[in-house]
Amino acid sequence: MKIVETIAALRSTLKNVQHIAFVPTMGNLHAGHLALVEKAKKKSDFVVVSIFVNPLQFLPSEDFNQYPRSMEADCKLLRSLDVDLVFAPDEKNLFPVQQEILLQLPAVADTLEGIFRPRFFQGVATIVLKFFNIIQPDIAIFGKKDYQQLHIIRLMVQQLNFPIKILDTEIIRAADGLALSSRNQYLNGPERQEACHLYQALNTIVGETASGQRDFLLLEKKAVEYLSGRGWQVDYISIVNRQTLLPACTDDQQLAVLAAARIGTTRLIDNVEFTC
Ligand code: AMP
């Protein structure tokens, strides 16, 4: 496994490589990331994983400096999966000048996560676009854990004509249902025990719709009350149409419920897809 830190080294390594599958990450890898890598391995003979904590997607008030970095352990894991190349660029190499050109995104980027993290998706889409240009993969793989991000990347690839196939993977969860995330390590003991209730709240919504409840606003409200009552600060719990991420209408069938909530100082996101 080769580890490269500059765009020049990456381009020279990839010069004669065809059929690249690309997995972008911010490192601190866990089984969720590894599921993406395993899918990449199945789909292509050359797998590139990027490890880069993207400053463009953090607000000044967010955890950019604190975000867990574990390059050595990450590379060990990726080596064990027989990844071909790790791209871990230095910030200066990727941004030799201030990144003034940023993607302008459609309105969906200003909903859900976008309400609470202004310009987050602009930062994500811009870095992914840079990586796509640098690596020129045939396939790129993203997790459904970041459901709205996946949606926006698909729109970007479609509307900017990237010849890249976007694949997704299901959310990998801990035994109690908590979606794996690098940020889970911010949770203290009691918070970690409580954290699975976010997933439980989403499953309750899915269960109630399966029993015929179609008042989505009521279901969202009850889920917010449930979590608030347990000490969570809920940013949103939204039942959406899977195709558009717009609020679900009663006759929509392909749905997802997306949520973001804070337990203690840790903000968690999760989602569940379901069919009505
Ligand atoms: P991150 O390192 O948080 O930027 O995540 C990199 C990629 O891994 C994104 O496509 C995420 O959606 C995906 N990912 C993160 N956590 C999980 C998980 N628990 N299950 C599946 N995919 C995940």
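Placed above this text is the structure.
Peer 1: Please give an account of the sheet that holds strand β3 (residues 46–51) that cites residues and values.
Peer 2: With respect to topology, six strands assemble into an open sheet ordered β1-β4-β3-β2-β5-β6, the strand pairing being parallel. The outermost strands of the open sheet, each flanked by one partner alone, are β1 (2–4) and β6 (165–169). For this sheet, the mean angle separating the axes of adjacent strands, direction not counted, is 25°. Across the sheet, helix α6 (residues 120–135) lies against β2 (20–25), β3, β4 (85–87), β5 (139–143) and β6, angled at about 150° from β2, the strand it touches most.

Peer 1: Lay out the packing of aromatic side chains in plain terms, naming residues and giving numbers.
Peer 2: If you walk through the whole model with that rule in mind, you get ten aromatic pairs. Between phenylalanine 22 and phenylalanine 132 the ring centres are 6.3 Å apart and the planes differ by 75°, which places this aromatic pair in the edge-to-face class. Of this pair, phenylalanine 22 sits in strand β2 while phenylalanine 132 sits in helix α6, and the two are 110 residues apart along the sequence. Taken individually, phenylalanine 22 and phenylalanine 132 each receive the classification buried, so the pair is uniform in this respect. Measuring from ring centre to ring centre gives 6.0 Å for phenylalanine 58 and tyrosine 67, while their planes differ by 75°; the resulting arrangement is edge-to-face. Taking the relative accessible area as the measure of exposure, phenylalanine 58 reaches 10% and is therefore buried. One aromatic cluster is present, formed by Phe22, Phe52, Phe87, Phe95, Phe131, Phe132 and Phe162 through successive ring pairs. One residue, arginine 69, lies across the ring of phenylalanine 64, its end atom 4.9 Å from the ring centre. Positioned over the ring face of phenylalanine 120 is arginine 117, at 4.1 Å from the centre of the ring.

Peer 1: Could you give an account of helix α3 (residues 71–80), with specific residues and numbers?
Peer 2: When we look at burial in α3, the residues that qualify are Asp74, Cys75 and Leu78. Buried residues of α3 fall within an arc of 95° about the axis and therefore sit on the same side. Summarising the geometry of α3, the exposed residues directed more than 90 degrees from the buried face are Glu72, Lys76 and Ser80. Contacts from the buried residues of α3 go to β1, α2 (31–43), β3 and β4. In the segment just after α3, aspartate 82 is the residue with positive phi, at about 65°.

Peer 1: Any details on the pattern of salt bridges? Residues and values, ideally.
Peer 2: The tally for this structure, following the rule as stated, stands at twelve salt bridges. Among the salt bridges present, the one from aspartate 63 reaches arginine 183, with a minimum N-O distance of 2.9 Å. Remark: arginine 183 occurs in the loop between β6 and α8 (189–210) and aspartate 63 occurs in the loop between β3 and α3; sequence separation between them is 120 residues. The same class applies to aspartate 63 and to arginine 183, which are both buried. Glutamate 273 is the partner of lysine 144 in a salt bridge, and the nearest nitrogen-oxygen pair spans 3.0 Å. Here lysine 144 is found in the loop between β5 and α7 (147–159), whereas its partner glutamate 273 is found in strand β9 (residues 266–275), with 129 residues between them in sequence.

Peer 1: Got a sec to walk through the nonpolar core? Specific residues and values, please.
Peer 2: Judged by nonpolar contacts, the single largest core of 47 residues is most densely connected at Val48, Phe87, Phe132, Ile135 and Ile166. Top contributing element to this core by residue count: α6, with eleven residues. Counting contributing residues, this core receives three or more from each of domain 1 (2–169) and domain 2 (182–275). Setting aside chain neighbours within four positions, we find phenylalanine 132 in contact with Phe22, Pro137, Ala140, Phe142, Ile153, Met156, Val157, Phe162, Ile164 and Ile166. Ala195, Ile205, Ala261 and Leu268 belong to the second-largest nonpolar core, a separate cluster that totals 24 residues.

Peer 1: Quick one: what's the story with the packing of α6 against α7, residue by residue and with numbers?
Peer 2: It is at 10 Å that the axes of α6 and α7 come closest, and there the two elements cross at 50°. Put simply, α6 runs oblique to α7. Considering the relative orientation of α6 and α7, their crossing is right-handed. Across the interface between the two elements, Phe120, Phe121, Val124, Ala125, Val128, Leu129 and Phe132 of α6 pack against Gln148, Gln149, Ile152, Ile153, Met156 and Val157 of α7. Taken together, the residues that form the contact of α6 with α7 break down as eleven nonpolar, two polar and no charged.

Basis of the calculations
- Residues numbered from 1 in each chain as written.
- Predicted model: local features only at pLDDT ≥ 70, side-chain atom pairs only at ≥ 80, totals over all residues.
- Heavy atoms only, no water.
- Pairing = 2+ DSSP bridges.
- Helix = DSSP H or I, 4+ residues; strand = E, 2+ residues; numbered from the N terminus.
- Axes fitted to C-alpha atoms, helices over the stretch in contact; angles between N-to-C directions.
- Contact = heavy atoms within 4.5 Å.
- Phe/Tyr/Trp six-rings, centres within 6.5 Å; stacked < 30°, edge-to-face > 60°.
- Buried < 20%, exposed > 50% of the residue type's maximum accessible area, 1.4 Å probe, protein only.
- Lys NZ or Arg CZ within 6 Å of the ring centre and 35° of its normal.
- Arc of directions from axis to C-beta.
- Salt bridge = Lys/Arg side-chain N within 4 Å of Asp/Glu carboxyl O.
- Core = buried A, V, L, I, M, F, W, Y, C linked by side-chain atoms within 4.5 Å.
- Domains from an automatic or database assignment.
- Parallel < 35°, antiparallel > 145°, perpendicular 65-115°, else oblique.
- Left-handed = near helix turned anticlockwise from the far one by under 90°.
- Nonpolar A, V, L, I, M, F, W, Y, C, P; charged D, E, K, R; others polar.

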